[in-house]
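An overview of the molecular structure
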Amino acid sequence: MSIFDTDSTMNSSPWSIPMRQLKESVQDELQWYRTLNNFISGLSSYKIQRNKTEIHSKLFHDGSILTDELMDLFVDVTGATNLNQFIDARGNIRKTLELESVTNTLLKPSNITCDEDGRLLVEGFQICLAEINSKHLIESHCNNITVKEVALLAVDAVYLDEDTVDIFRGVDMFVVAPKWEVIGQRRIVLSGQNGGAHHSGDVDNGTDGRPGLPGGNSTDGRPGLPGGNGTDGRPGLPGGNGGNFFGIGLQFVNGKNLLIESNGGRGGQGTDGAKGMRGPAGRDAAEKLKSGLYSQSYKFDRGVETSNINKCLAPNAVERIFRLYPQSTKQPNKCENVDAGVRVIIEEGDCGGEGGAGGFGGEAGIGGYPGDQKLIQLGDSSEIQMQNQNGRSGTRGKKGKTGERGMDGIGMICVQVTRVGHSRSYMKCESTNTTSSACNSCDNPVESQYTTTGMEKPAPKKSPDFSNYLLDYTVLLESHSNHTIFNQIITSFREAIQRKYSYPLNHLGSLFFEETTQQETFEQSDRFD
């Protein structure tokens, strides 16, 4: 027996149409929120966030949003198949407001401030390091004030998308966000600045640091005194201390691709010692002979030609008599025999004075202290690499070269001829163009000697205190804890902190930022014992 009477006609229930309409409405809402969630995820991605300031500026004008630009963005993020969802949303006031609110919230530029003490603070939902990672941007936000601390406080995510620029060397950094994502292979370099070298104009004018006066000339045939010694170099300046780093995160994406460096800066190079002054020149023989000083004289009974005799000299080797043949004025082709006594005077020039010793090289500068590093990982291991080491010593300056010896004096030979029976004599002198073989012209070897006079230690190492940033972040999370987009993110982050420390967020500072001055003083003094 059949339950139904096939001959009878079934009439639709009066509530079937409303139910069908309700079902379609629910499915439409479900599809809308699925699409909206995809839109939210897309807007939160690095692809969009890296250009969020430009996109936001393009979409919003005078408090209103441009529909065509928003539609292009919506389709680009969710796909062309969701174009109808966008069109339907524009006809629904509630959906329109939701779409515009989500877009404005997630693309709103981060709030960047910098105080007079050089504390640069960045607050936002998603933050890209590139937002502040340039000298131009830092100067524009800080009005040329030197940055000493930088803090990134993100409600959702921080994207570490660039290697830090040199302006962050020695800067303390605080980063907190539920999600960290490393874009590419990245380095955050907070290492201290390398120490420099003293400028040449910084040399002290003390007695030991000034070149000596050049030696005076001898008046009694002795060489002059040595030249003055060169000025000592100065030790290199110490390296700067590394910046401190503190971070808190729950989820880390590509963390193994990030290296955070807080090494001490390398010590500066010692300056070279100055070259010694050149020794004084030795006197030429000519100057000595004018004073009647000479050391060698040879006298012969017979003579030799002088510049005052017009003709050549012909020696008779047997009699050792030189016969002079002066031209006769009466008989031009006839010569007379002339006997003359000869004295030969030979004198060498004085040796040049020794050059002054070169100044000692400056000792290498001391490397700076490393910064402290702490990363609180509320979930799985971040795999982020951390490095903080003492800075390396610099390079020693070179010892100055010994000053050159003074020029050796030039020798001279003179021949004096006196005609027998005449009181008048004739003298002719010629330079030998040679110096004494007794003069040692070899340079003195340069020894490796260094001075530590004026050596400076690195600046004292200070403990970081980021407690104020923890308080700022607590307030930031509290102000957005009821936001539809961020509620679950903030709740999960807080619960993870409670599980790990049983401390609220703003009390974590008491665990990590207590003063450790005594310990640091001990560590610093131990380096120089």
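We now turn to the structure provided with this report. Keep in mind that what you see is a predicted model, and the values were worked out from it rather than measured.

Rules of the game
- Residues numbered from 1 in each chain as written.
- Predicted model: local features only at pLDDT ≥ 70, side-chain atom pairs only at ≥ 80, totals over all residues.
- Heavy atoms only, no water.
- Helix = DSSP H or I, 4+ residues; strand = E, 2+ residues; numbered from the N terminus.
- Buried < 20%, exposed > 50% of the residue type's maximum accessible area, 1.4 Å probe, protein only.
- Contact = heavy atoms within 4.5 Å.
- Areas by Shrake-Rupley, 256 points an atom, 1.4 Å probe, with all protein chains shown as cover.
- Salt bridge = Lys/Arg side-chain N within 4 Å of Asp/Glu carboxyl O.
- Pairing = 2+ DSSP bridges.
- Axes fitted to C-alpha atoms, helices over the stretch in contact; angles between N-to-C directions.
- Phe/Tyr/Trp six-rings, centres within 6.5 Å; stacked < 30°, edge-to-face > 60°.
- Lys NZ or Arg CZ within 6 Å of the ring centre and 35° of its normal.
- Core = buried A, V, L, I, M, F, W, Y, C linked by side-chain atoms within 4.5 Å.
- Disulfide = S-S within 2.5 Å.
- Polar contact = N/O pair within 3.5 Å; in protein donor to acceptor, adjacent residues only side chain to side chain.

Focus on the overall build of the chain
- In terms of regular secondary structure, the chain is built from twelve helices and 19 strands.
- Across the 529 residues of the chain, 40% fall into the buried class.
- Counting contacts in the chain only where the partners sit at least 6 residues apart, residues at least 24 apart contribute 77% of the total.
- Carbon and sulfur atoms form 48% of the exposed surface of the chain, whose accessible area is close to 29,900 Å².

Section: the pattern of salt bridges
- For the coordinates displayed, the defined rule picks out 21 salt bridges.
- Notably, a salt bridge pairs Arg119 with Asp115, separated by 2.9 Å at the nearest N-O pair.
- You can call Arg119 partly exposed: its relative accessible area is 31%.
- Asp115 gets classed as partly exposed once you look at its relative accessible area, which sits at 26%.
- Close ionic contact of Glu347 with Lys288 constitutes a salt bridge, the shortest N to O distance being 2.8 Å. Placement of the pair is Glu347 in strand E13 (residues 340-347) and Lys288 in helix H8 (residues 285-290), with a sequence separation of 59 residues. Here the two residues Glu347 and Lys288 agree in accessibility, since each one is buried.
- The structure contains a network of salt bridges with shared partners spanning Asp28, Glu29, Arg94, Lys95 and Glu98.

Here's the deal with the sheet that holds strand E5 (residues 149-160)
- Strand order across the open sheet formed by six strands is E3-E4-E5-E6-E8-E15, with mixed pairing between neighbours. Two strands close off the open sheet at either side, each with one partner strand: strand E3 (111-114) and strand E15 (373-377). Across the sheet, the mean angle from the axis of one strand to that of its neighbour is 10°, orientation sign disregarded.
- Pairing geometry for strand E6 (residues 172-182) and strand E8 (residues 245-253), over eight bridges, is parallel. By the bridge assignment for E8, Trp180 is matched with Phe252.

Here we look at the packing of aromatic side chains
- A full pass over the atoms with the stated rule returns twelve aromatic pairs.
- Geometrically, the ring pair formed by Trp180 and Phe245 is edge-to-face, given 6.5 Å between the ring centres and 80° between the ring planes. With Trp180 in strand E6 and Phe245 in strand E8, the pair connects residues that are 65 residues apart, well separated along the chain.
- On the accessibility criterion, Trp180 (2% relative accessible area) is buried.
- Residue Phe245 is classed as buried on the basis of its relative accessible area of 2%.
- Taken together, the ring pairs in this structure connect Phe174, Phe246, Phe466 and Tyr469 into an aromatic cluster.
- Of note, Arg396 hangs over the ring of Tyr450, and the distance from its end group to the ring centre comes to 4.1 Å.

What about the nonpolar core?
- If you look at the biggest cluster of nonpolar residues, it comprises 45 residues, and the most contacted ones within it are Phe174 and Ile248.
- Apart from residues lying up to four places away in sequence, Phe174 is in contact with Val150, Ala151, Leu152, Leu153, Phe246, Phe466, Tyr469 and Leu470.
- Formed by 29 residues, the second largest nonpolar core is a distinct cluster that contains Val122, Cys142, Met173 and Phe252.

What to know about the pairing of strand E9 (residues 258-261)
- The two faces of E9 match: Leu258 and Ile260 on one face and Leu259 and Glu261 on the other face are all buried.
- Of the pairings in the sheet, the one linking E9 to strand E16 (residues 385-387) comprises three bridges and is parallel in character. Looking at E16, one finds that Ile260 is bridged to Met386.

Considerations on the environment of Gln416
- Considering the arrangement of structural elements, one finds Gln416 in strand E17 (residues 412-419).
- Sequence spacing of Gln416 and Met427 is eleven residues, and the spatial spacing of their C-alpha atoms is 4.3 Å.
- Excluding anything up to four places from it in sequence, Gln416 contacts Gly341, Val342, Arg343, Ser425, Tyr426 and Met427.

With respect to the state of the cysteines
- Counted according to the given criterion, the structure contains three disulfides.
- In this model, Cys114 is linked to Cys142 through a disulfide, with the two sulfur atoms separated by 2.2 Å. On the sign convention where negative means left-handed, the S-S torsion of about 100° between Cys114 and Cys142 marks this disulfide as right-handed. Taken together, the residues span a long stretch of sequence, with Cys114 in strand E3 and Cys142 in helix H7 (residues 135-142) at a distance of 28 residues.
- Owing to a relative accessible area of 2%, Cys142 belongs among the buried residues under this scheme.
- Cys351 shares a disulfide with Cys439; S-S distance 1.8 Å. Disulfide Cys351-Cys439: the torsion about the S-S bond is -95°, which places it as left-handed. Pair noted here: Cys351 is in the loop between E13 and strand E14 (361-362) and Cys439 is in the loop between strand E18 (425-431) and strand E19 (450-451), with a separation of 88 residues, a long-range link.
- By relative accessible area, which is 11% here, Cys439 ends up buried.
- Each disulfide of the chain joins two cysteines, and with those cysteines numbered along the sequence the arrangement is 1-2, 3-6, 4-5.

Regarding the side chain of Gln373
- With respect to the element layout, Gln373 can be found in strand E15.
- Within polar-contact distance, the side chain of Gln373 engages the side chain of Ser262 at 3.1 Å.
- From its side chain, Gln373 meets the backbone oxygen of Gln387 in a polar contact 3.2 Å long.
- Residues in contact with Gln373, not counting those within four places in the same chain, are Phe245, Ile260, Glu261, Ser262, Met386, Gln387 and Asn388.

Considering the sheet that holds E16
- Spatially, three strands are ordered E7-E9-E16 in an open sheet, and the strand pairing comes out parallel. Each edge of the open sheet is held by one strand with a lone partner, namely strand E7 (186-189) and E16. Averaged over neighbouring strand pairs, the angle between their axes works out to 15° when direction is ignored.
- Bridge count for E7 against E9 is four bridges, and the pairing is parallel. Looking across to E9, one finds that Ile188 is bridged to Ile260.

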